[in-house]
Amino acid sequence: MTTVTTPTENVRRDTPVGRTRVIGGIMIAMAIFILWIFAFGASAKATSIITFNPLNTSGGAPWSLGNLTLPSRISTLILGLIALGAGLETMIRIPARRVMARFGFVSVLFLLGLFVWTVRSGGPSPTNFMDVTDVLVNASGITMVLIYGSMAGIMCERAGVVNIAIEGQFLGGAFVGAIVASSTNSFVLATVAGAVVGALLGWVLAFFAIRYRSDQVIVGVVLVTMIGSLTNFLNLTFLTPYQQYNTGVTPSSIPIPLLDKIPVVGPLLFNQNMFFYLMYLLVGAMSFGLFKTKWGLRVRAVGEHPQAAASVGIRVKGVRYFNTILGGAIGGVGGVAFIALHGQFNPGFTSGLGYIALAALIFGRWRPSGAVVASIIFGLTSMLASGLQSFNVPVSSEILGMFPYIITIAVVSGLIGRVRAPAADGIPYKQD
Amino acid sequence: MTDAKPTLWQRYLSANPVTISFLAILLGFVVGALVIIFSSADVMHAWTQIFNSPGGIFHALKVSLDNVGAAYRAMFTGSVVDPTIFWHALTTGQGWNAALTPLSETLTYAAPLAIISIGVAISFETGLFNIGANGQAILGGIAGTAFGSMINLPMYIHLPLTLLCGVAAGAFFGLIPGVLKALTGAHEVIVTLMLNYVVAFFLLYSLLSTPLQLPGQANDLSRVILPSAQLPTFFSTATTLRVNWGILIAIAVVAFGWWFLNRSTMGFDFRVTGANPNAARASGINPKKVIIYVFLISGGLAGLAGVVQVDGTTHALDGGFLIGSAGIGFTAITVSLLGRNKPINVFWGAILFSALGVGGRIMQAETGIPLDLATIIQSAVVLFVATPVLVQEIFRLREGNLHTIQLNTKGWGT
């Protein structure tokens, strides 16, 4: 990590100056939107109620926090002014680091402003309160699936194989997961089955990408379509006549004693199904494994410079096979996690989540921790699309549905600034 | 490399592009057959009984072949010609309509597929993946339908303008990934994939909440394109032969694609960029300009395909427009890979895959095997076409000029 020193500028920037200004401009626009629409669009006497108890307390309620009644206009005014301040600060000071963190902060303020505005008394929402815990818990499901997907991608791409087939691994894992979970009622077995199917799909990708050096993007896209149509096909020939194999069972939540009693955090992190806890383990293991162990160093070497790695005796193809298969298995488990969330298998029901996971890992700069943050942002926006409809926001549901995809485009268009893929990512290795 | 000149037969058996494509199609059908066998309860039951009776294995084989045969026969008779009906028409002079319907349907669907595939092939030839052709086509269809159904003009001006609207909408939508890629380096695969989902929502939005929706209709149906803007059919509308001027437009587009890639300056720039971006940059080709123009042309052709589809067949949009089993955009990717981006080959590929799709529908109706089988076969064909070495190994072909078939491979960053 050397610092690039030039005569005019001796800081290493995450985001170029021009792009930082654009991001600052967007932040200011959001702030003005909060002030204009949310603050002055609400009547001066309106109040918004914020609650913290989850609506579904079947797994045990956390300690109660009571309700917060806010004056709508004053609180959105404060939110808008903070956002404006952050925007102006970015615009004028042009900070060298954490531009995206500031952007994320303003986005959260925007979201809060939106909720305060929509649940105000006399507002469009049928319920006149907003349950923070419930909103976050709703967003957590999609976030979890996205995290599995981006981990599947990181596993492959760090070793230099582009895994664009995450969507296919999701669908394959979900299909088999639904059958196994419905027939055995065991999500542990379903997870194993999903992992096996995912690993098989990972092997197919590896087989074409490593052995035959086919174009990985083509193979990935084709695999997604093939698995998509194969699961459609099998859904019609098998699951439709034998519905006992697609009953829509979901795993029960496993509360962690004491921790689940913490308001907001408890229901969100410590009273979820087994796939959440498995995800914590996975993210931890991958962050540690990739950056703190000998294995991780080898994987990264293969992804950055396979020739150099081979010259010190690392088996490049072996590492790539292993990682692509492992990544596929993680993707398959992600599919089972989606089933745990969704219940029944429906053809094509992941609707591009695998590609959003791919964008999340790019946003997260090919790091597990970054991908987790990105997945949370995507999870919240996806929740926005479905959740806002229940608040009767006066925007058509089809337009809201475009939201996660547009955000994804904005993200890969480099709103995030400079990202650098592993140097040999997607380039077949030729031994000579 | 031997000194002796290979005989003609040896040349056929070497790994040349035509042999590879043919064998890839064959392998695709083998994969389809395996899917039929493994998904059919009768067949699997027969295979579990092979040790129970002396002729069990032959019975199981026969059941397998019967099932696969019935499916592929339905596909063939549904998309090319049914020999018995054709013979009946030939001998009695009656029923030509029924005898020609399969071929007419195949050509009807081949027209937009060929147009969109040429667009995709141009982007592939430049080393760019336009996976968003589906969205561009849908947007073209929406724009064309809006113009064709809500504006009254005489035909000789209405029809061309309707088509032009589709081209403009597709080109505009193609511009988005092009500009983003040129200016920010956003990977076009993700951008175009995401735009496909955006367009799917936009289609529903425009069919449910805009004046495009059929008046008095609560479902996702559009207004009907006025007769003055419809593509004329070759036969009277009393017949079921829907083949229309779209196929002529497709042939014109194929000719344009051939001229563009092989004879025009810009097409040359495109191909140089696709073959070696560094050499292109060194020789003074502006890569950003190339990227933007590629997506403009590719998107415009996709938009034209969308408007030809709606203008030539249904004359109105519904919520499932062009989405189908995998979407026309994906089929176009497979077609242009199968045709190795050569416009003439792409045209034949479009007819073949259109026949697969049309036949697949008949197969679904007659045998109950889902239409998705056609997509499975297409994906398998592409996997094999994209991996010529594998085909060569499976059939133990002689070494050929494989490097001309293998696709250019690039990393994420380029």
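The rules behind these values
- Residues numbered from 1 in each chain as written.
- Chains lettered and ligands numbered in written order.
- Predicted model: local features only at pLDDT ≥ 70, side-chain atom pairs only at ≥ 80, totals over all residues.
- Helix = DSSP H or I, 4+ residues; strand = E, 2+ residues; numbered from the N terminus.
- Buried ≥ 20, exposed ≤ 12 C-beta atoms within 10 Å, placed from the backbone.
- Contact = placed C-beta atoms within 7 Å.
- Rg over C-alpha atoms; globule rule 2.2 N^0.38 Å.
- Axes fitted to C-alpha atoms, helices over the stretch in contact; angles between N-to-C directions.
- Parallel < 35°, antiparallel > 145°, perpendicular 65-115°, else oblique.
- Left-handed = near helix turned anticlockwise from the far one by under 90°.
- Nonpolar A, V, L, I, M, F, W, Y, C, P; charged D, E, K, R; others polar.
- Core = buried A, V, L, I, M, F, W, Y, C linked by C-beta atoms within 7 Å.
- pLDDT = per-residue confidence, 0-100.
- Domains from an automatic or database assignment.
- Pairing = 2+ DSSP bridges.
- Expected span 1.5 Å × (residues − 1).

As for the overall build of chain A
Across its full length, chain A holds 15 helices and 5 strands. Projected onto its principal axes, the C-alpha positions of chain A cover 75 × 70 × 40 Å. Taken over 432 residues, chain A has a buried fraction of 51%. Looking at chain A alone, contacts between residues at least 24 apart form 79% of all its contacts between residues at least 6 apart.

Let's talk about the overall build of chain B
In terms of helices and strands, chain B carries 17 helices and 0 strands. Taking 2.2 N^0.38 as the reference for a compact globule, 414 residues should give roughly 22 Å; the C-alpha atoms of chain B span a radius of gyration of 23 Å, in line with that estimate. Each principal axis of the C-alpha distribution contributes one length, and for chain B these read about 70 × 60 × 40 Å. For chain B, the proportion of its 414 residues judged to be buried stands at 52%.

Points about the packing of helix H7 (residues 133-150) of chain B against helix H9 (residues 188-209) of chain B
All names here are of chain B. Relative to each other, H7 and H9 sit at 25°, their axes nearing to 8 Å. As the angle between them shows, H7 and H9 are arranged roughly parallel. For H7 against H9, the interelement crossing comes out left-handed. Each of Asn134, Gly135, Ile138, Leu139 and Ile142 in H7 lies in contact with H9, whose residues at this interface are Leu195, Asn196, Val199, Leu203 and Ser206. For the contact of H7 with H9, a count of residues per class yields 6 nonpolar, 4 polar and no charged.

Considerations on the environment of Leu70 of chain A
Residue and element names in this part refer to chain A. Relative to the helices and strands, Leu70 is located in strand E2 (residues 68-71). For Leu70, a count of 18 C-beta atoms within 10 Å translates into the label partly exposed. Taking C-alpha positions, Leu70 is 48 Å from Val162, a pair spaced 92 residues apart along the chain. Contacts of Leu70, omitting those with residues within four sequence positions, involve Thr47, Ser48, Ile50, Ser75 and Val116.

Looking at the interface of chain B and chain A
Think of interface size as the accessible area that goes away when the parts come together; that is how it is often given. If you look at the interface, chain B gives 44 residues, while chain A gives 45 residues. Elements represented by at least two residues in the side of chain B that touches chain A include exactly helix H2 (17-39), helix H8 (155-184), H9, helix H16 (372-385) and helix H17 (388-394) of chain B. Here the element with the most residues in the side of chain B that touches chain A is H9 of chain B; it accounts for 13 residues. Considering only residue class, the side of chain B that touches chain A consists of 30 nonpolar, 12 polar and 2 charged.

Quick word on the nonpolar core
Counting 228 residues, the largest nonpolar core has Ala114, Ile115 and Ile116 of chain B as its most contacted members. In this view, Ile115 of chain B contacts Ile249, Ala250, Val253, Leu301, Leu304, Ala305 and Val308 of chain B; residues no more than four positions away in its chain are not counted. Within the second largest apolar cluster, 22 residues are counted, among which are Leu79, Val99, Leu109 and Phe115 of chain A.

Observations concerning the confidence of the model for chain A
The predicted model of chain A has a mean per-residue pLDDT of 84, with 91% of residues at 70 or higher. In this model residues 1-8 of chain A is a low-confidence stretch, pLDDT under 50, and it forms 3 contacts with partners more than four residues away in sequence or in other chains.

Observations concerning the domain arrangement of chain A
All names here are of chain A. One can read the domain layout of chain A as domain 1 (17-123) and domain 2 (135-415). Its C-alpha centre places domain 1 at a distance of 30 Å from the equivalent point of domain 2. Contact with domain 1, which involves 12 residues of that partner, is made by 16 residues of domain 2. By residue number, the principal contributor to the side of domain 1 that touches domain 2 is helix H3 (residues 99-118), which donates 3 residues. Its residues assigned to classes, the side of domain 1 that touches domain 2 shows 8 nonpolar, 4 polar and no charged.

Side note on the confidence of the model for chain B
All names here are of chain B. Looking at chain B as a whole, the pLDDT averages 86, with 93% of positions reaching at least 70. Per-element confidence in chain B ranges from a low mean pLDDT of 70 for helix H1 (residues 8-13) to a high of 94 for helix H10 (residues 246-263). Here residues 408-414 scores under 50 on pLDDT; set against residues more than four positions off or in separate chains, the count is 18 contacts.

Thoughts on the environment of Asp220 of chain B
All names here are of chain B. Residue placement: Asp220 occurs in the loop between H9 and H10. On the basis of neighbour count, Asp220 is assigned to the partly exposed category, with 19 C-beta atoms found within 10 Å. Residues Asp220 and Gly357, spaced 137 residues apart in sequence, show a C-alpha to C-alpha distance of 24 Å.

A look at the sheet that holds E2 of chain A
All names here are of chain A. The sheet built from 3 strands is open, its strands ordered E2-E1-E3 with mixed pairing. Pairing within the sheet leaves two strands with one partner each, and these edge strands are E2 and strand E3 (129-131). Put simply, the sheet's adjacent strands are angled 25° from each other on average, direction ignored. In this sheet, E2 lies alongside strand E1 (residues 47-51) in antiparallel orientation, the contact comprising 4 bridges. Bridging from a neighbouring strand, Ser48 pairs with Leu70 of E2. In the packing of helix H4 (residues 132-157) onto the sheet, contacts are made with E1 and E3, and the angle to E3 comes to roughly 45°.

Observations regarding unusual backbone geometry
When glycine is set aside, most residues are seen to have a negative phi, and most peptide bonds are trans. Residue and element names in this part refer to chain A. Even without a glycine there, the phi angle at Arg365 is positive, about 55°. By the secondary structure assignment, Arg365 is in the loop between helix H13 (353-363) and helix H14 (368-390). You will see that Trp366, though not glycine, has its phi angle at about 60°, which is positive. With respect to the helices and strands, Trp366 occurs in the loop between H13 and H14. On the basis of neighbour count, Trp366 is assigned to the buried category, with 23 C-beta atoms found within 10 Å.

Regarding the pairing of E1 of chain A
One ladder, built from 3 bridges, connects E1 of chain A with E3 of chain A; its direction is parallel. Bridge pairing in E3 of chain A links Ile50 of chain A to Met130 of chain A.

Re the packing of helix H1 (residues 17-39) of chain A against H3 of chain A
Residues and elements named next belong to chain A. Close contact between H1 and H3 brings their axes to 10 Å; oriented N to C, the two are set at 15°. Put simply, H1 runs roughly parallel to H3. Taken as a pair, H1 and H3 cross one another with a handedness that is left-handed. Across the interface between the two elements, Thr20, Ile23, Met27, Met30, Ala31, Ile34 and Phe38 from H1 touch Val99, Arg102, Phe103, Val106, Leu109, Phe110, Gly113, Leu114, Val116 and Trp117 from H3. Among the residues forming the contact of H1 with H3, the class breakdown is 14 nonpolar, 2 polar and 1 charged.

Description of the environment of Ile362 of chain A
By the element assignment, Ile362 of chain A lies in helix H13. With 38 residues separating them in the primary sequence, Ile362 of chain A and Leu400 of chain A have C-alpha atoms 24 Å apart.

Here's the deal with H9 of chain B
When the terminal C-alpha atoms of H9 of chain B are compared, their 30 Å separation across 22 residues agrees well with the 32 Å that a helix rising 1.5 Å per residue should span. The element H9 of chain B is largely enclosed, with a buried count of 18 among its 22 residues.

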